[in-house]
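These are the residues of each chain, in order.
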Amino acid sequence: MKILKYAFWIVWRIWFYLLVIIPILILFPFLFLSILSEKTYPQFFFLARLWAKIILYGMGFYYKVDFEQKLEKGKSYMLVANHTSMLDIMLMLIVVKRNPFVFVGKKELAKIPVFGFFFKRVCIMVDRSSSKSRFKVFELAQKRLHQGLSICIFPEGGVPDDENIVLDEFKDGAFRLAIEHQIPIVPITFVDNKKRFPFRFFSGTVGRMRVKIHPFIETKGLTLENRQEVKQKTRAIILKELESYIRK
């Protein structure tokens, strides 16, 4: 029985990487044309959502979203969520459909074959070991927000090596940006991603992926002196939701 489980996980993981790469290759001409101009980013976003759906459904997942507050079309937000799985990116693209956004992510993602080609051209890359790179993020994010887009950051800054950590401490970046640009923070909890498709190779299972979009945290009138308070408030909301499911 164990051998069958391991065989399933191996085939399933290989299938995941095929689902990531093959749709990009098929859609390559359309994706490439959509990144030639900043004005066509909404078209790229639509294609990215299609790509994400192919992966999610192709892997045997389905999603359920609980909206405590809905995003307004055409408005910019700071989207923040817990980060536990490679599927976090895909699920975020599917869940937030009316407000095109750009990810702020680690520069290492640009090294992924095929995927990295588009990632480094449409996302904001950050080298967390470089203060110059972190400053550049603020400049690029400002440019994107002025274009009417939203920003998505996973504020843990990565996935903890210790899987017993329910939610790691948050970095300041997302909250500094939100306050500086006076845009609402949207706390989002991915309930099942860690269970469904964690970073460990021999693990995971098909099934439901639940998402909770919490009431927004307004930043109008706040200053950078409030960023720690806002950061902790956001983390407490997501942590409380995660712990409520652990207790069930």
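In this text the structure is predicted, and so the values were computed from the model without any measurement.

A. Seen up close, unusual backbone geometry. Look at Gln182: it is not a glycine, yet its phi comes out positive at around 55 degrees. Turning to its location among the elements, Gln182 is positioned in the loop between α6 (173-180) and β6 (185-190).

B. Just the confidence of the model for the chain, in detail. For the chain, the average pLDDT comes to 91, and 97% of its residues sit at 70 or higher. Mean pLDDT across the secondary structure elements of the chain bottoms out at helix α5 (residues 131-146), with 80, and peaks at β6, with 98.

C. The arrangement of helix α2 (residues 41-58) in detail. Compared with an ideal rise of 1.5 Å per residue, which puts 18 residues at 26 Å, α2 spans 25 Å between its outermost C-alpha atoms and is within 8% of the ideal. Listing the buried residues of α2 in full gives Tyr41, Phe44, Phe45, Leu47, Ala48, Arg49, Trp51, Ala52, Ile55 and Leu56. Gly60, located one to two residues past α2, shows a positive phi value of around 90 degrees.

D. Broad picture of α6. Listing the buried residues of α6 in full gives Ala174, Phe175, Leu177, Ala178 and Ile179. Two residues or fewer past α6, Gln182 is found with a positive phi of approximately 55 degrees.

E. Highlighting the nonpolar core. Membership of the largest hydrophobic core comes to 77 residues, with the highest contact counts inside it found for Met78, Met92 and Ile188. Examining the composition of this core, we find that 9 residues originate from one element, α2, more than from any other. The contacts of Met78, once residues within four sequence positions are left out, are Ile151, Ile153, Ala174, Leu177, Ala178, Ile183, Pro184, Ile185 and Val186.

F. A look at the packing of aromatic side chains. One pass over the full model with this rule turns up 25 aromatic pairs. Centroid distance Phe45 to Phe101: 5.2 Å. Interplanar angle 75 degrees. Geometry classified as edge-to-face. Here the residue Phe45 occupies a position in helix α2, and Phe101 occupies one in strand β3 (residues 101-106), the gap between them amounting to 56 residues. You can call Phe45 buried: its relative accessible area is 3%. Ring centres 6.1 Å apart and planes at 10 degrees place the aromatic pair Phe170 and Phe175 in the stacked group. Here the aromatic residues Phe28, Phe32, Tyr41, Phe44, Phe45, Phe101, Phe103, Phe117, Phe118 and Phe154 are joined through ring pairs into a cluster of three or more. The aromatic ring of Phe197 is capped on one face by Arg13, whose charged end is 3.9 Å from the ring centroid. Here the guanidinium or amino end of Lys70 rests over the ring plane of Phe67, the centre of that ring lying 5.4 Å away.

Reading the values: the criteria
- Residues numbered from 1 in each chain as written.
- Predicted model: local features only at pLDDT ≥ 70, side-chain atom pairs only at ≥ 80, totals over all residues.
- Heavy atoms only, no water.
- Helix = DSSP H or I, 4+ residues; strand = E, 2+ residues; numbered from the N terminus.
- pLDDT = per-residue confidence, 0-100.
- Expected span 1.5 Å × (residues − 1).
- Buried < 20%, exposed > 50% of the residue type's maximum accessible area, 1.4 Å probe, protein only.
- Core = buried A, V, L, I, M, F, W, Y, C linked by side-chain atoms within 4.5 Å.
- Contact = heavy atoms within 4.5 Å.
- Phe/Tyr/Trp six-rings, centres within 6.5 Å; stacked < 30°, edge-to-face > 60°.
- Lys NZ or Arg CZ within 6 Å of the ring centre and 35° of its normal.

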